[in-house]
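Chain residues, written in single-letter form:
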Amino acid sequence: MKMGKKISKCPECGSKKLYWDRSRGEVICKACGFVIEERLIDFSQEWREFDSEQGESRRRVGSPLTFTKHDKGLSTKIGKAGDLTKMTPSERRMYYRMRKWQTRISTPIERNLKFALAELKRIASFLDVPKIAEEDAAMIYRMAAEKGLVRGRSMESVVAGALYAACRRHGVPRTLDEISHAFPLDKKEIGKTYRFICRELRIRILPTSPQDYVQRFASELKLKPKTVSKAVEIIKKANKLEITSGKGPMGIAAAALYVAALLSGEKKTQRDVADVAGVTEVTIRNRYKELLEKLKLEDQIKKIREK
DNA sequence: AAGACGAAAGTGGTTGA
DNA sequence: TCAACAACTTTCGTCTT
C-alpha cells in the first residue's frame with residue numbers, strides 16, 4: 001500500500017506531539033487538537049506471496065497475539081461430536097479424555113477472565129476507547145486476577161478500574177463519570193478499585209493533564225480548531241504560573257475552553273461546558289476567575305463584552 | 001427568562017499526628 | 001484512628017442581559 005509522506009509535525013502549530021487514535025483512524029496533534037489526517041489504514045507490514053514457498057514462510061498465521069482474549073488469542077479447541085462416528089473405540093476414548101482435560105485445565109481464573117474480557121470489550125467499544133488502551137486494560141485485569149485481587153470485589157468494578165487506569169496511561173482519559181455510566185456502577189466504587197489495583201500492582205500513573213481532556217470536550221461542544229488551540233494555549237500559560245497544580249484537571253480544561261470560546265466569539269454558556277466536562281458551573285467560575293486574574297485577560301474579555 | 005455570579009453548607013478523600 | 005484541610009458540589013438568592 002502506498003503511504004503519503006510521513007508526518008512528524010503538526011502543520012497547525014508545529015508541535016511534534018502527535019497522537020494516533022487508532023479507533024478513529026485519525027492523527028491528532030496533542031498540543032492544539034488539530035486533526036492532521038483522517039481515515040488512516042493500518043500501517044503494519046503486509047507481505048505479498050509470490051509462490052507457495054514464500055507463502056509458507058511469510059504468511060502471518062492466525063490472528064495476532066492479544067490480551068483481550070482470555071487465552072491471548074491462542075485457543076485450540078479439541079474437536080467434538082460429528083467425527084466421532086469415524087473413530088475406532090480406542091481413539092474415541094482418547095478424545096473423550098482430551099476433552100475432559102481441556103475443560104479441567106481452564107482454571108477458575110481463566111473462566112473468570114473469559115467473562116471479564118467480554119465485558120471489557122463491550123464497554124471499550126461503547127466508550128470508543130482506542131485499541132491499545134483496551135489491550136492494556138485487559139493486561140491489567142489479567143494481572144489483577146492472577147494476584148487474586150478480584151476476590152471480594154465485583155468483577156465489573158475491577159474491569160472498570162483497569163479500563164480507567166489504562167485510558168489514563170495512554171493519555172486518552174475517560175472521566176469516571178463516563179465509565180460509571182457504561183457500567184451499572186457508581187463513581188465511588190470505580191475510583192476505589194482503581195486506586196486499589198494501582199497500589200497492588202505498583203502501577204504508576206501520572207495525574208492527568210487538562211490538555212488530555214480539551215480535545216474531547218471541545219469536539220463535543222463543536223468548537224472550532226482555532227478555539228481549541230487557544231484553550232490549550234491558556235492551559236500552558238496557566239501551567240507555567242502554577243495555578244493548575246492540585247486542581248481538578250477537568251475543571252481547568254472546562255474553564256480554559258469557556259474562556260477560549262468567549263475570546264473567539266463562539267460563546268458557550270457555563271452550563272454547556274459544565275455538562276460535557278462533568279463539573280459544575282461553580283467550579284468553572286472559580287477556575288475562570290483565577291485564569292482571568294493570573295493571565296491578565298480581563299481587558300480582552302471586556303472588549304468582547306462591549307461589542 | 002436565561003445566564004452569570006457568589007455565599008454558605010455539605011461531601012469524600014488525603015494527610016499528619 | 002481521628003481531626004484538619006483543600007477541592008469540589010449542591011443549593012439558593014441576587015444581579016445582568
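Residues numbered from 1 in each chain as written. Chains lettered and ligands numbered in written order. Predicted model: local features only at pLDDT ≥ 70, side-chain atom pairs only at ≥ 80, totals over all residues. Heavy atoms only, no water.

Draft legend 1. Structural view of the overall build of chain A. For chain A, the count of helices and strands is 13 helices and three strands. Looking at chain A as a whole, 40% of its 307 residues qualify as buried. Within chain A, contacts between residues at least 6 apart in sequence are counted, and of these 62% link residues at least 24 apart. Accessible surface, chain A: about 19500 Å² in total, of which carbon and sulfur atoms supply 52%. (Helix = DSSP H or I, 4+ residues; strand = E, 2+ residues; numbered from the N terminus. Buried < 20%, exposed > 50% of the residue type's maximum accessible area, 1.4 Å probe, protein only. Contact = heavy atoms within 4.5 Å. Areas by Shrake-Rupley, 256 points an atom, 1.4 Å probe, with all protein chains shown as cover.)

Draft legend 2. Summary view of the protein's contact with DNA strand C. The environment of DNA strand C is made up of Gly246, Lys247, Gly248, Gly278, Val279, Thr280, Val282, Thr283 and Arg287. Each atom of DNA strand C within 4 Å of the protein was assigned to sugar, phosphate or base; sugar and phosphate come to 81%. Thr280 is positioned such that a nitrogen or oxygen atom in its side chain is 3.0 Å from a phosphate oxygen of DNA strand C. Contact between DNA strand C and Arg287: a phosphate oxygen at 2.3 Å from a side-chain N or O atom of the residue. (Near = heavy atom within 4 Å. Polar contact = N/O pair within 3.5 Å; in protein donor to acceptor, adjacent residues only side chain to side chain.)

Draft legend 3. Summary view of the nonpolar core. Counting 39 residues, the largest nonpolar core has Tyr141 and Leu163 as its most contacted members. Counting only elements with at least two residues in this core, the list comes to α3 (108-126), α4 (131-146), α5 (155-169), α6 (176-182) and α7 (187-201). When residues of this core are assigned to their parent elements, the largest contribution, ten residues, is made by α5. Leave out the neighbours within four places in its chain, and Tyr141 touches Asn112, Leu113, Ala116, Val150, Met155, Val158, Val159 and Ala162. (Core = buried A, V, L, I, M, F, W, Y, C linked by side-chain atoms within 4.5 Å.)

Draft legend 4. Main features of the protein's contact with DNA strand B. Lining the immediate surroundings of DNA strand B are Lys188, Arg195, Tyr258, Lys267, Thr269, Gln270, Arg285, Tyr288 and Lys289. Counting only atoms of DNA strand B within 4 Å of the protein, the fraction found in sugar and phosphate groups is 59%. One nitrogen or oxygen atom from the side chain of Lys267 is found 3.4 Å from a phosphate oxygen belonging to DNA strand B. Here Arg285 contributes a side-chain N or O atom positioned 3.1 Å from a base nitrogen of DNA strand B. Broken down by element, the residue count for the surface near DNA strand B peaks at three residues, all from helix α12 (residues 281-295).

Draft legend 5. Structural view of the pattern of salt bridges. Evaluation of the coordinates by the stated rule reveals nine salt bridges. A salt bridge links Arg169 to Asp136, with the shortest nitrogen-to-oxygen separation between them at 2.9 Å. With Arg169 in helix α5 and Asp136 in helix α4, this residue pair connects regions lying 33 residues apart in the sequence. The exposure class of Arg169 is partly exposed, given its relative accessible area of 38%. We note a salt bridge from Glu290 to Arg287, for which the minimum N-O separation is 3.4 Å. Remark: Arg287 and Glu290 occur in helix α12; sequence separation between them is three residues, near one turn of the helix. One network of salt bridges, in which partners are shared, links Lys247, Arg287 and Glu290. (Salt bridge = Lys/Arg side-chain N within 4 Å of Asp/Glu carboxyl O.)

Draft legend 6. Highlighting unusual backbone geometry. Despite not being glycine, Arg202 shows a phi value in the positive range, around 55 degrees. Mapped onto the fold, Arg202 is located in the loop between α7 and α8 (210-221). Although it is not a glycine, Lys222 sits at a positive phi angle of roughly 60 degrees. Relative to the elements of secondary structure, Lys222 occurs in the loop between α8 and α9 (225-240).

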